[in-house]
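# Structural overview
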Amino acid sequence: MQMMTIQSPASLKPRLQVATSAPSSAREQVLALDSGAQLSVTELRAGFGASEVIKGLTMAIDPRATTAIIGPSGCGKSTFIRCLNRMHEVTPGAFVGGRVELNGVDVYDSRVDPVRVRRRIGMVFQKPNPFPSMSVRDNVLAGLKLNRVKIGNVEEVVESSLRSVALWDEVKDKLKQPGTSLSGGQQQRLCIARSIALKPEVLLMDEPCSALDPIATARIEELISELRQHYTIVIVTHNMHQAARIAQKTAFFFMGELIEYDETDVIFTRPSQKQTEDYVTGRFG
Amino acid sequence: MSAASETLGLLEADSSAAKRALHAKLFEWGCMLAVVVAILPLGSLLWSLVSKGGAAISVDLFTELPVPLGEMGGGMGNGALGSLYLVGLASLMGVPVAVLSGIFLSEYGETRAGAAVRFCADVLSGIPSITVGLFVYGVVVLPMKRFSVIAGAIALAIIMLPTITRTTEEMLRLVPNQLREAALGLGVSRWRTTASILIRTALPGIVTGVSLAIARIAGETAPLLFTAFSNSNWTEYMDDPVASLPVQIYTYAVSPYSEWHSQAWGAALALVLVILVLSVAAKFATRTRYR
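We now turn to the structure provided with this report. No experiment lies behind these values; they were computed from the predicted model shown. (Residues numbered from 1 in each chain as written. Chains lettered and ligands numbered in written order. Predicted model: local features only at pLDDT ≥ 70, side-chain atom pairs only at ≥ 80, totals over all residues.)

Okay, the overall build of chain A next. Tallying secondary structure elements over chain A gives eleven helices and twelve strands in all. A buried classification covers 45% of the 285 residues belonging to chain A. Across chain A, every contact between residues at least 6 apart in sequence was considered, and the portion connecting residues at least 24 apart equals 68%. (Helix = DSSP H or I, 4+ residues; strand = E, 2+ residues; numbered from the N terminus. Buried ≥ 20, exposed ≤ 12 C-beta atoms within 10 Å, placed from the backbone. Contact = placed C-beta atoms within 7 Å.)

What follows is the structure in structure tokens.
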């Protein structure tokens, strides 16, 4: 079992570990990971059984920025981000082809363990999903504990993780209550804290606000804007206003293909593709 | 005509309303009657046990050996201890196998192997317990050339397998898939997700299944007749025949002696109480605590 040690959150160097027998070029690639995380996707094909949902998609995602994925239902947005941390293959019957590189290392390389990819690329889901059998505190620590990571100062990790999602003041007196006793918006921030406690390089968010009310949504959006200074964020959203508010870059997907990908204000004010314009002006979707 | 159309008929006398109300009442009474019919046997059974067995319950009943007819006193200590051995050993063998099978079915069971295991479990749960006793007689008792605690426990373990397997599977299936994804998304390995998150979440249900299975085997008599047999003395070794409460209750109940009858009632009441205490203790031990 791989052991990692955290003395303090700041001293943790992000790294993606490949088998020790890897050739030196691969090891150099691994070391390059220390300088901020860049995701790049090349010719990604994915789907379920005979139906191809993602049809050969190539895009590079900027480090330390928020990238929004928009598009009508069924265009492959969720499938796409689930491919980025190898969650797609968990579904029975799913297939994936192509390359997804995290700082130059293909996460689909046969030497790469998907479990380790998911520790480096965190995920926040549509519905808040704290563990019902755990307290607020244990939910924050769940990723570390379940991965048998040695935690130096437990209370410090709990507090800093909850502070980074602006939840500490609201729950500091409720740390021992069940995670599911919080409100929906608080639960979602708890889930983000749970991901952040693992110090990932990338945070994937699959419509994180679709189950929340407008006030809770505003808090999460505020949080995303702060988090992107430290993390590479990819967010799938149905809400175009949300994309316009929080994302530096926006990608428009349609029928499993990348139609247009540009600075967010370009996509919403002067898109170059007719389909993008029709979608962002509400003519379909 | 005009009045009716203005109020859309809402204020008119309506003969079907009375009929609907009557139907609703009849249905409600029918359900209540069914509940009474279902509870009545349970209540009367408990009442007979307490009224006829209450007097026979004493410390001696669980600590003393049976005495020859005609002598006063004596108990079923050998049967009580024997039941403990049998149920304990059967649980040690049966519970881990059954729970792991349930996990296999729920988490990895969407395959042909899974369907085969599920089918076998269903067939096994339909097999009469006396048949299981005969089977164990053939494969354990005959080769060993003796009745034993081991043979009895194996028979009971086989009987508890299908119930626990299927409840474990059902309880794990009730755990929302979002929790599996949450754990996998945190980079938790598949088996640790199952062991730490899914089982923890489904534990109260799994424990209920285990308690039910233990309650059932604690009262089984037929499979023990050819496997554990009986013993009028204390059992010291696991390959010796052993007395058990159900077999002893059976023997005493069919005897013509009134002291034996009253001891049988007492033992029956004790068996029910022990199972009740076990179930409550299991529920209590597995309730979720938050730190």
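Structure shown, so let's carry the discussion forward.
With that out of the way, let us pick up the overall build of chain B. Secondary structure summary: chain B contains twelve helices and zero strands in total. Relative to the compact-globule value of 19 Å for 291 residues, chain B shows a C-alpha radius of gyration of 26 Å, a clear excess of over 25%. Counting only residues that meet the buried cut, chain B has 36% of its 291 residues in that class. Of the contacts made within chain B by residues no fewer than 6 positions apart, 73% connect residues no fewer than 24 positions apart. (Rg over C-alpha atoms; globule rule 2.2 N^0.38 Å.)

Residue and element names in this part refer to chain A. Taken together, the six strands give an open sheet; going across it, the order is β7-β9-β10-β4-β11-β12, and neighbouring strands pair in mixed fashion. If you trace the sheet from one side to the other, it starts and ends with β7 (121-124) and β12 (257-263), each paired once. Shown here is a sheet whose adjacent strand axes are inclined to one another by a mean of 20°, direction ignored. Along the sheet, helix α7 (residues 184-196) makes contact with β7 and β9 (202-206), crossing β7 at roughly 170°. (Pairing = 2+ DSSP bridges. Axes fitted to C-alpha atoms, helices over the stretch in contact; angles between N-to-C directions.)

In this section: the interface of chain A and chain B. Between chain A and chain B, the contact holds 26 residues from the first and 20 residues from the second. Taken together, the elements giving at least two residues each to the side of chain A that touches chain B come down to α3 (114-120), α4 (136-146) and α7 of chain A. Grouping the constituent residues of the side of chain A that touches chain B by class yields twelve nonpolar, seven polar and seven charged. (Nonpolar A, V, L, I, M, F, W, Y, C, P; charged D, E, K, R; others polar.)

What follows deals with the environment of Ala182 of chain B. With respect to the element layout, Ala182 of chain B can be found in helix α8 (residues 177-185). For Ala182 of chain B, a count of 27 C-beta atoms within 10 Å translates into the label buried. A C-alpha to C-alpha distance of 51 Å links Ala182 of chain B and Ala243 of chain B, two positions 61 residues apart in sequence. Setting aside its immediate chain neighbours within four residues, Ala182 of chain B contacts Phe125, Asn129 and Phe131 of chain A.

The next point concerns the nonpolar core. All names here are of chain B. The biggest cluster of nonpolar side chains holds 138 residues, and the ones touching the most others in it are Leu156 and Met160. In terms of residue count, the dominant contributor to this core is helix α7 (residues 149-174) (15 residues). The residues contacting Met160, other than those within four sequence positions of it, are Ala90, Gly94, Ala98, Ala213 and Ile217. (Core = buried A, V, L, I, M, F, W, Y, C linked by C-beta atoms within 7 Å.)

All names here are of chain A. With five of five residues buried, strand β10 (residues 232-236) lies mostly within the body of the structure. Residues Thr232, Val234 and Val236 of β10 are buried on one face, and the alternating residues Ile233 and Ile235, pointing to the opposite face, are buried as well. As judged from the four bridges shared by strand β4 (residues 66-70) and β10, these two strands associate in the parallel manner. Bridge assignment links Ala68 to a residue of β10, and that residue is Ile235. As for the winding sense of the linkage, the β-α-β connection from β9 through helix α8 (residues 214-227) to β10 is right-handed. (Right-handed = clockwise from strand over helix to strand, strands pointing away.)

Let's shift gears to unusual backbone geometry. The phi angle at Lys199 of chain A is positive, at roughly 50°, despite the residue not being glycine. Relative to the helices and strands, Lys199 of chain A is located in the loop between α7 and β9. Despite not being glycine, Phe229 of chain B shows a phi value in the positive range, around 55°. Structurally, Phe229 of chain B is set in the loop between α10 (222-225) and α11 (245-253). According to the C-beta neighbour criterion, Phe229 of chain B is partly exposed, with 19 such atoms within 10 Å.

What follows concerns helix α2 (residues 77-84) of chain A. For α2 of chain A, the tally of buried residues reaches seven of eight residues, placing the bulk of the element in the interior. Of all the residues in α2 of chain A, the buried ones are Lys77, Thr79, Phe80, Ile81, Arg82, Cys83 and Leu84 of chain A.

We now examine the packing of α4 of chain A against α7 of chain A. All names here are of chain A. Closest axis-to-axis distance for the α4/α7 pair is 6 Å, and the angle between their directions is 40°. Considering the relative orientation of α4 and α7, their crossing is right-handed. On α7, the residues that touch Val136, Asn139, Val140, Ala142 and Gly143 of α4 are Leu190, Ala193 and Arg194. In the contact of α4 with α7, the residues fall into five nonpolar, two polar and one charged. (Left-handed = near helix turned anticlockwise from the far one by under 90°.)

Let us look at the packing of helix α2 (residues 15-53) of chain B against helix α12 (residues 258-285) of chain B. Residue and element names in this part refer to chain B. Running from N to C, α2 and α12 cross one another at 130°; their axes reach a closest spacing of 8 Å. Overall, the two elements α2 and α12 adopt an arrangement that is oblique. The two elements α2 and α12 meet at a crossing, and its hand is left-handed. Listed contacts from α12 to Leu49, Val50, Lys52 and Gly53 of α2 are Ser262, Trp265, Gly266, Ala268, Leu269 and Val272. For the contact of α2 with α12, the class distribution of residues is six nonpolar, three polar and one charged. (Parallel < 35°, antiparallel > 145°, perpendicular 65-115°, else oblique.)

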